Amino acid sequence: MSPSTPVNDGPLPPPVINPGGTYTLQSICVGCKVYISRPGPNGTTEERVAEILSIRDKPVNPYARRSNDVKEEEEADNKKPEEKIEFFVHWDQFNKRLDDWVSGTRILLHRDLEWPRPKAPPVKKALNGTPKVPPGKAPPGKAHRPNNLLKAATSNAALGTSPAPTPQHSQIFSISRASSSPAPPSLKRKVPHDDEEDPTEEAYDFDADADGDMEIDGDGDLETFDLSLTDTGPDSQEPPPFSAFSKEQEIEKLRTSGSLTQSVSEIARVKNLNRLQIGKHEVETWYFSPYPKEYAHLPVLYICEFCLSFFPSPFMLSRHRQRCNLLHPPGNEIYRHEDISFFEIDGKRQLSWCRNLSLLSKCFLDHKTLYYDVTPFMYYVMAIRDSAGCHIIGYFSKEKESAENYNVACILTLPHHQRHGYGKLLIEFSYELSKKEGKLGSPEKPLSDLGLLSYRAYWSEVVVELLMEWDGDISIDEVAQKTSITHADVMNTCITLQLFKHYKGQHLIVLNDTVLERHEKLRKKNRRRIHPENLRWKPPVFTRDQLRFGW
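So, here is what we can say about the structure in this document. Since we're looking at a predicted model, the values are computed, not measured. (Residues numbered from 1 in each chain as written. Predicted model: local features only at pLDDT ≥ 70, side-chain atom pairs only at ≥ 80, totals over all residues. Heavy atoms only, no water.)

## A look at the packing of aromatic side chains
- Overall, the coordinates contain 13 aromatic pairs when judged by the stated rule.
- Ring centres of tyrosine 295 and phenylalanine 310 lie 5.6 Å apart, and the angle between their planes is 80 degrees; on these two criteria the pair is classed as edge-to-face. One end of the pair, tyrosine 295, is in the loop between β10 (281-284) and β11 (300-303); the other, phenylalanine 310, is in strand β12 (residues 310-311), and 15 residues separate them in sequence. Neither tyrosine 295 nor phenylalanine 310 differs from the other in exposure class; each is buried.
- Summarising the aromatic geometry, the rings of phenylalanine 342 and phenylalanine 429 are spaced 3.8 Å apart at their centres and angled 5 degrees between planes, so their arrangement reads as stacked. Of this pair, phenylalanine 342 sits in strand β14 (residues 340-346) while phenylalanine 429 sits in helix α7 (residues 422-437), and the two are 87 residues apart along the sequence.
- Joined through ring pairs, the aromatic side chains of Tyr335, Phe342, Tyr380, Phe396, Phe429 and Trp537 make up one cluster.
- Between arginine 97 and the ring centre of tryptophan 286, over which it is positioned, the NZ or CZ distance is 4.7 Å.
- When the ring centre of tyrosine 35 is taken as origin, the NZ or CZ atom of arginine 111, which lies over that ring, is 3.8 Å away. (Phe/Tyr/Trp six-rings, centres within 6.5 Å; stacked < 30°, edge-to-face > 60°. Helix = DSSP H or I, 4+ residues; strand = E, 2+ residues; numbered from the N terminus. Buried < 20%, exposed > 50% of the residue type's maximum accessible area, 1.4 Å probe, protein only. Lys NZ or Arg CZ within 6 Å of the ring centre and 35° of its normal.)

Here it is in structure tokens:
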């Protein structure tokens, strides 16, 4: 690029908007934002803005019965032009999993159309090839980082105070439970008073699979122990700590941003499957999954619920079921209680089955990118038993040799089994395996949005339950050793629940009334639990040759 290339440092120009009735369906391109009719609650129809991500001709199912071919051809000839084209759209302010293919008949041409924003102007470069930075601005890739430590020290010195020290893992904490009346001044432990509940305080719904929720409340007269080093001055532009987020802010962030992704190219991929039929359940897919191209864009993809093979028509599935003799996941049953079983499967021994499982899970996990490389993983599949066999509910995978001591690589509860507490059961089972191994475990990052909510709910329940049963003082390290949850996850859970208090130079763990009430509410639900006495499992040991993959 020439050094004399002009540069526009001002804001980008606003997008061009065409009023309704001045454009046609054929003029709509990828990146445009249009109004589309969408089914609303209670049988109503709403008009919502959506961004066009892809355009295609309406596909024809090549696996339909031949007797219907002539009828379909006649219907295709009589279709209007807007019925022959489909748009893949992302609904404004909706989660990415709700992206869907819509027919051209649902495009509202009488509403305004917003054209894509123009691309950013090229960056002017100096003679040595580096970008020229305007005066007063930070170079690209080096964001301005305010000196929070210096500002905090200066403000503390001016006020004559010192910041509260950070608690260590081995530090002993006193456990205090909230009471309806304040404690006498002579007591060592400070108990928070019961203030009137602030109507602005909201509850965090942390449970993605069960129906429980966990409310975060900071009631009490004690000083809240804040581990963040952000600037609290009036000129601070730093985001607030996690515990300061309201329910609306957090849910809005999860709802609009969707799941985390490891590959930027995965974001641009459009959903290629509409629905899956697994046994007697028919579910809608959420994300792109790399199934074979000839099976893409089918109305329904039929999957054998035992071997997970996929077929384009119900006739081919029924013919397969006559030959398939598999009635449970192809592994060793290591746990059984009532109608729930867990199977351990080696990805190297059951290559095809584990690949089919990864293909299926990719339809509901946006951040999962690899599915061919299954040999370095062990799969633990949860199934429910009946007279017909063992039906898959969910699973989690685990690296055979994890350098970061992750106890879960990927975890999923199938959509038609969600909201029944199975997600927490999978998480609890993964930590039971970590207890057998004598290690601390944590899930591999990044987590999906529903996975993050489920783990937060499980950590909160387990930590509060242990603190309720514990008699005497306790340290973070003792909590981690008892639960097999890492120190960082225990610390984050305590900070999120606002359990840390600093009073007269001492660190206390205070269980306020709100936390106790929520824990009692969860305890009364009597959810499914893992019974360690029914686990028949020894940690697998692999040699160096067995851990060589891909050679």
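Still to come is the rest of the account.
## Focus: the pattern of salt bridges
- Applying the stated criterion to the full structure yields 19 salt bridges.
- The salt bridge partner of arginine 56 is glutamate 86, with a shortest N-O separation of 2.7 Å. Placement of arginine 56 in strand β3 (residues 45-57) and of glutamate 86 in strand β4 (residues 85-91) is noted, with a sequence separation of 30 residues between them. A single burial state applies to arginine 56 and to glutamate 86, both of which are buried.
- For lysine 435, the salt bridge goes to glutamate 432, with nearest N and O atoms at 3.6 Å. Taken together, the residues span about one helical turn, with lysine 435 and glutamate 432 both in helix α7 at a distance of three residues. (Salt bridge = Lys/Arg side-chain N within 4 Å of Asp/Glu carboxyl O.)

## What to know about the sheet that holds strand β18 (residues 410-413)
- Taken in spatial order, the five strands of this open sheet run β13-β14-β15-β16-β18, and their pairing is antiparallel. Two strands in the sheet have a free side with no partner beyond their single neighbour: β13 (332-337) and β18. Averaged over all adjacent pairs, the angle separating strand axes in this sheet is 20 degrees, with direction ignored.
- Sheet topology note: the strand β15 (residues 377-386)/strand β16 (residues 389-399) ladder contains 10 bridges and is antiparallel. In the strand pairing of β16, arginine 385 is matched with cysteine 390.
- Strands in contact with α7 are β13, β14, β15, β16 and β18; relative to β16, the strand with the most contacts, it is inclined by about 50 degrees. (Pairing = 2+ DSSP bridges. Axes fitted to C-alpha atoms, helices over the stretch in contact; angles between N-to-C directions. Contact = heavy atoms within 4.5 Å.)

## Describing the pairing of β16
- With 10 of 11 residues buried, β16 lies mostly within the body of the structure.
- Between β15 and the antiparallel strand that follows it, β16, lie two residues.
- Pairing of β16 with β18 involves four bridges; the strand directions are antiparallel. Note on β18: the bridge partner recorded for phenylalanine 396 is isoleucine 411.

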